[in-house]
Amino acid sequence: MEPESLGLEENQSEVQDLDLTGHARPVIHVLPLEEIANLAAAEGQPAETLMNVVALIAKRFETDVCSAYLLEPDRANLVLAATVGLRRECIGNLRMAINEGLAGLVAEQVRSVAVEQAKSHPRFKYFREAGEDAYQSFLGVPLIDRGVLQGVLVVQTIEPRIFREDEVRMLAEAAAQVAPVVSEARTLDRFIAPAQERLWALARNLWWSWDHDAASLFRDLDPVRWRRVNQNPVSLLAEFPLAKLESRAAELVLHSRINYACRRLQEYLQADRTWGTRHAGVLRPCPVAYFSAEFGLHESLPVYSGGLGVLAGDHIKSASDLAIPLVGIGLFYGQGYFRQRLDREGWQQEEYLETDVSQLPLEAAIGKNGRPVVVQIETRGGSIHAKVWRVKVGRCDLFLLDSDVEGNAPDDRELTSRLYGGDARTRIRQELVLGVGGFRALKAMGIVPGVLHLNEGHSGFAVLEAIRMRMEEEGIGFDAAAPRVSREVVFTTHTPVPAGHDRFDGDLIEEHLGPMRESLGLSQESLMGLGREDPNNQHETFCMTVLGLRLSRRANAVSALHGEVSRAMWTGLCPGKPEDEVPIGHITNGVHVPSWLAPQMFRLYDRHLGTNWHQQSSEARIWEGIESVDDGELWETHLSLKSQLLEFVRRRAVEQAERRGESREVLQRLGKVLSPDALTIGFARRFATYKRANLILSDIESLASMVNDPKRPVQFVFAGKAHPNDEPGKRVLQQIAQLMRNSRFGDKFVFVEDYDINVGRYFVQGVDVWLNNPRRPLEASGTSGQKVVLNGGLNLSVLDGWWAEAYDGMNGFAIGTGRTHANMSVHDTRDGEDLHRALRDEVIPLYYQRDRDGLPRGWIKRMKRTIRTLGWRFNADRMVMDYTLKCYVPAAGGTSSDMRSAW
């Protein structure tokens, strides 16, 4: 008889009476069968009963895991129905055929199976989503009711354990008590807690975050708790007992909505008639690898700081919607970006909090060998290791590298803990993990990218690793491999601000890339030359942007004006060429429409733009329908969003004041600040000095007159963070925050702390006017104003970045005419005057010009024009289509024609 069967041989039984230390274990019947029988006989949901039973068995049997797998109606597959120890979100999702895995072996042969070292058994199968890496021993018994197999009951332990014959018998007896419950559950077809398992399936794919119906399911379960957990469905579901969740779902009649959301998710994932299948089929076997130092997908996944990350998040979401084969590669920041608090003086304080990975939609990335991926990067001072997390973003995967692993030095375990923290040495090590580690992670998972897209220079080392691998695979040298790889590289530069381009000295480069350099067969000077504008200038540092530009065949800026600035900025890379011939193009940024469009506006567009308008939102004709929308309907929709914004700002203002220990009088005043009738202007972005958040303060008397005009009042809401090391930026922020304590401005200026995607969402959906006044031409693109456009807000902006190519004189407002001045003081003074002039002469009069119905017809006309002329141009679908057709497909060799100019 086989050793794992129930009928154990006599000598084996003697061994099983000993524990791992060789001491005899007392034979104690630890399973109270009467108690199990009582639970099984209890009234209530069979799924809940099953959860209670496995919890009891795990406790009394002293195992780390107890799970119940139920036979599906086809009797060919098992599904996880209840568990203690494995990931609960796998309930209803983890399935296996009865001819695979050890649980399948129990069902297939209808007998008990006991294995001390499960991973060494020939039938062992690793299910990566279950979180069972730590478990060694396995004992499974069949669940049989009235002679018919119903499923399998399994226990597992972390420490290797030889299960005694009496223990196997006791578990089998417990299974006999449980089997009738299983049978009943299967008969009723409610054996996997439908609400729970389907909600978990939704929560584990970030598709829910841009599907309003799916997101509303989580909110409706418990609106207060939903807000408290920062709109995080994983945290929400983890706090919900099964019985309460099922009860709440029944009370709110959510089951049909849950089923509908799950069905739409599956249809979305399985669709094969997409824009991507028509235009990007060449990328399917070799997808785009999109590298970025940050990804802003949702506030509940805090691995972003600002615009670059949010742009990357919108890029991967639109790639998913269009079905472009693309994977994202980034870093997992255990403490994210800092939490912001202001003291009574308005000075920014930073706080870093550890992120609980179990509360995030992450799972270990699995390699070709069936094991979790861990990569190693060699440096002169030793190796850095990193594990890899996988995040499902619709149809796309995002992989995040995490250096907090055993084997790393303490400093390296903290390496990826904070975004944009630390000194130059920390930055180069982070970028080494991102670029080299990220590329190696792809190889470990069997992903062979056809295109490398570097979103800024942080990930430039990925190209060096790609060249090294090409040299190894094809047996060629660096000079032959470099151009072959460069053909497949797309590089996007995002800033004309010098501080945005990382530079490292030669010693840091040699310390961290010395082993790579030797593998590439390069001298120190040759490697340094790849990152210098002048390769022969030994005094020049190594610039990551220069590396990206040198080793990419296609490079782009992120707006038309930024393209001009970038070509002028990097002419040194093309000696002898005129500025216009520097090979840097532009693809203007856009925003992901479903992520930023308010549900109320989404429904309005559904009514007037046609069925599935959002799937064609990059087409100008789709937006023509906005002109047929009744003015009153559009205005009322906007006012409802504005009301939500003001309520949110008041609530946050009160919470902030309570945290600072403000008086009751102050709390009461803050609970009533801001009027729904006043023109509301919003400003939310990084508090870098060139963005000039304090430009509005250039004429304080004029400002006081505006905000205190009883007939045409104006009010401002601000949010944003200054970099922890940016003292000038912090002083600008303090100037704005202190206005809340100024008697002339206190009720008209509110600063909302801890700017994140959630704060930004409220702002862009609810303001009347979006203020943007960077020092031209330092704003590469900017995307916050594009989000305002979708929701009917109007932009008041300097003609910089995207607005320079978007403004037509009637779809918003311009600050100045695009003039600059060599003297920064003159430049700022002139822009300040232009800002106040635009407010006084254009914005305020138009907003308060009402007809007999109380509608600002001229303002609404401009709202419609901004939606119609800009909605299709500045969205991420158009942006990703441009990247696909102009960069990705050509880089992958997928174009059907490409005629070059004559000799």
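Residues numbered from 1 in each chain as written. Predicted model: local features only at pLDDT ≥ 70, side-chain atom pairs only at ≥ 80, totals over all residues. Heavy atoms only, no water.

Glancing now at the overall build of the protein chain. Across its full length, the protein chain holds 33 helices and 26 strands. Projected onto its principal axes, the C-alpha coordinates of the protein chain cover approximately 95 × 70 × 55 Å. Looking at the protein chain alone, contacts between residues at least 24 apart form 71% of all its contacts between residues at least 6 apart. Roughly 35,600 Å² of accessible area belongs to the protein chain as shown, and the carbon and sulfur atoms make up 48% of that amount. (Helix = DSSP H or I, 4+ residues; strand = E, 2+ residues; numbered from the N terminus. Contact = heavy atoms within 4.5 Å. Areas by Shrake-Rupley, 256 points an atom, 1.4 Å probe, with all protein chains shown as cover.)

Here we take up the sheet that holds strand 5 (residues 137–145). With antiparallel pairing, 6 strands are arranged side by side in an open sheet as 3-2-1-6-5-4. In this open sheet, the two edge strands, each paired with only one partner strand, are strand 3 (95–97) and strand 4 (113–115). Taking each pair of neighbouring strands and ignoring which way they run, the sheet shows an average axis angle of 25°. As paired elements, strand 1 (residues 65–71) and strand 6 (residues 148–157) share 6 bridges and run antiparallel to each other. Along strand 6, the bridge assignment pairs Ser 67 with Val 154. Each of strand 1, strand 2 (77–84), strand 3, strand 4, strand 5 and strand 6 touches helix 4 (residues 101–109); the most contacted strand, strand 5, lies at about 35° to it. (Pairing = 2+ DSSP bridges. Axes fitted to C-alpha atoms, helices over the stretch in contact; angles between N-to-C directions.)

Burial of strand 14 (residues 396–402) is extensive: 7 of the 7 residues sit out of reach of the surface. Taking every second residue as pointing to the same face, both faces of strand 14 are buried, with Cys 396, Leu 398, Leu 400 and Asp 402 on one and Asp 397, Phe 399 and Leu 401 on the other. Of the pairings in the sheet, the one linking strand 8 (residues 326–331) to strand 14 comprises 5 bridges and is parallel in character. From the neighbouring strand, Val 327 faces strand 14, where its bridge partner is Asp 397. (Buried < 20%, exposed > 50% of the residue type's maximum accessible area, 1.4 Å probe, protein only.)

A few words now on the side chain of Gln 715. Along the chain, Gln 715 falls in strand 22 (residues 714–719). Look at Gln 715 and you get buried, because its relative accessible area is 1%. A polar contact of 2.7 Å, which involves the side chain of Gln 715, links it to the backbone oxygen of Ser 675. Non-local contacts of Gln 715, meaning those with residues more than four positions away in its chain, are made with Leu 646, Leu 674, Ser 675, Ala 678, Leu 679, Thr 680, Ile 681 and Lys 748. (Polar contact = N/O pair within 3.5 Å; in protein donor to acceptor, adjacent residues only side chain to side chain.)

The subject of this paragraph is helix 4. An α-helical turn contains 3.6 residues, so any two residues separated by three or four positions project in the same direction. Of all 9 residues in helix 4, 7 are buried; the element is thus mostly enclosed. Listed as buried for helix 4 are Gly 101, Leu 102, Ala 103, Gly 104, Leu 105, Val 106 and Ala 107. Two residues or fewer past helix 4, Val 110 is found with a positive phi of approximately 45°.

Within the largest apolar cluster, 136 residues are counted, with the highest numbers of intra-cluster contacts made by Phe 291, Phe 461, Leu 464, Ile 467 and Tyr 888. When sequence neighbours within four positions are dropped, the list of residues in contact with Leu 464 reads Leu 513, Met 516, Leu 520, Leu 527, Leu 530, Leu 547 and Leu 551. Counting residues in each nonpolar core, the second largest holds 90 residues, with Trp 596, Leu 679, Ala 722 and Trp 859 among its members. (Core = buried A, V, L, I, M, F, W, Y, C linked by side-chain atoms within 4.5 Å.)

It is worth spelling out the pattern of salt bridges at this point. The final tally for this structure, using the stated rule, is 62 salt bridges. Linking Asp 145 and Arg 146 is a salt bridge whose minimum nitrogen-to-oxygen distance equals 2.9 Å. Accessibility expressed as a relative area gives 11% for Asp 145, which makes it buried. Across the pair Glu 350 and Lys 730 runs a salt bridge, and its minimum N-O distance is 2.9 Å. On the criterion of sequence distance, the pair formed by Glu 350 in strand 10 (residues 348–351) and Lys 730 in helix 27 (residues 727–738) is long-range, its members being 380 residues apart. Look at Glu 350 and you get partly exposed, because its relative accessible area is 29%. (Salt bridge = Lys/Arg side-chain N within 4 Å of Asp/Glu carboxyl O.)

Glancing now at the packing of helix 24 (residues 631–659) against helix 32 (residues 857–870). At a minimum axis separation of 10 Å, helix 24 and helix 32 run at an interaxial angle of 85°. When the interaxial angle is binned, helix 24 and helix 32 end up roughly perpendicular. Contacts between helix 24 and helix 32 involve Asp 631, Leu 634, Trp 635 and His 638 from the former and Arg 857, Trp 859, Ile 860, Met 863 and Lys 864 from the latter. Per-class residue counts for the contact of helix 24 with helix 32 are 5 nonpolar, 1 polar and 3 charged. (Parallel < 35°, antiparallel > 145°, perpendicular 65-115°, else oblique. Nonpolar A, V, L, I, M, F, W, Y, C, P; charged D, E, K, R; others polar.)

A separate point is the confidence of the model for the protein chain. Low-pLDDT portions of the prediction should not be read for the details of their coordinates. Mean pLDDT over the protein chain works out to 91, with 93% of the residues at or above the 70 mark. Per-residue pLDDT stays below 50 along residues 1–30; that stretch engages in 53 contacts with residues further than four places along the chain or on separate chains. Contacts of residues 188–192 to residues separated by more than four positions or lying in other chains number 18 contacts, the stretch itself having pLDDT below 50. (pLDDT = per-residue confidence, 0-100.)

Spatially, the 6 strands line up as an open sheet ordered 23-22-21-24-25-26, and their pairing is parallel. Because the sheet does not close on itself, it has two edges, and the strands there are strand 23 (749–752) and strand 26 (813–815). Here the strands of the sheet are splayed against their neighbours by 20° on average, with no regard to which way each runs. Here strand 25 (residues 794–798) runs beside strand 26; their pairing, made up of 3 bridges, is parallel. Bridge pairing in strand 26 places Val 798 opposite Ile 815. On top of the sheet, helix 26 (residues 700–707) reaches strand 22 and strand 23; it is set at about 110° to strand 22, its chief contact. Lying on the sheet, helix 31 (residues 824–847) is in contact with strand 21 (679–684), strand 22, strand 24 (769–772), strand 25 and strand 26; it crosses strand 26 at an angle near 160°.

Quick look at the packing of helix 26 against helix 31 now. It is at 10 Å that the axes of helix 26 and helix 31 come closest, and there the two elements cross at 25°. What the angle tells us is that helix 26 and helix 31 run roughly parallel. Pair helix 26 / helix 31 crosses with left-handed handedness. On the side of helix 26, the interface is formed by Ser 702, Leu 703 and Met 706, while helix 31 contributes His 836, Leu 839, Arg 840 and Ile 844. Taken together, the residues that form the contact of helix 26 with helix 31 break down as 4 nonpolar, 2 polar and 1 charged. (Left-handed = near helix turned anticlockwise from the far one by under 90°.)

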